[in-house]
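Spelled out from the first residue to the last, the chains are:
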Amino acid sequence: MKGQTAKRLLFPALVAAFVFLVYTQVTFFVIPPLGAPPKGKTLVVWRYAIKDSGRLSGVKLRFVDSPDAACIRITGDVNLACRSMALATVANNSTVLFSLPYFQFLHAIAE
């Protein structure tokens, strides 16, 4: 009886540990369409705190984040220079696990 109970609890415990790991270590970085031919993207990257990037230094990426949301947290508004800096910082300093299409609902969650 005890062996069966332990086996039944093992799978939910492993799923919970996996969900916790993803939630605390991964970022869905949503890049909105900017009007140019490249359409928006959602990058799944390892989460990290941005370091040595001027005004972006010390900012930690969230579970669902975007360049616009990072700029709002840092400067209080969105402008092209900040958006470009946020994109470049994530592109140069993160490990992209995989790329997904742009999801508008994730972009809404990020802000």
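Cut-offs used in this document
- Residues numbered from 1 in each chain as written.
- Predicted model: local features only at pLDDT ≥ 70, side-chain atom pairs only at ≥ 80, totals over all residues.
- Heavy atoms only, no water.
- Pairing = 2+ DSSP bridges.
- Helix = DSSP H or I, 4+ residues; strand = E, 2+ residues; numbered from the N terminus.
- Buried < 20%, exposed > 50% of the residue type's maximum accessible area, 1.4 Å probe, protein only.
- Lys, Arg positive; Asp, Glu negative; His and termini not counted.
- Salt bridge = Lys/Arg side-chain N within 4 Å of Asp/Glu carboxyl O.
- Polar contact = N/O pair within 3.5 Å; in protein donor to acceptor, adjacent residues only side chain to side chain.

Novice: Break down the pairing of strand β2 (residues 41–46) for me, with residues and values.
Specialist: Where strand β1 (residues 26–31) lies against β2, six bridges are found, and the strand directions are antiparallel. Residue pairing in the sheet places F28 in a bridge with V44 of β2. As paired elements, β2 and strand β4 (residues 96–101) share five bridges and run antiparallel to each other. Note that in β4 the partner of V44 across the bridge is F98.

Novice: Explain the side chain of R47 to me, and be specific about the residues and the numbers.
Specialist: Checked against the element boundaries, R47 lands in the loop between β2 and β3 (64–65). Here R47 sits buried without a salt bridge, and the closest side chain of opposite charge, D65, lies 7.7 Å off (N-O distance). Here the side chain of R47 touches V26 through a polar contact of 2.9 Å, landing on its backbone oxygen.

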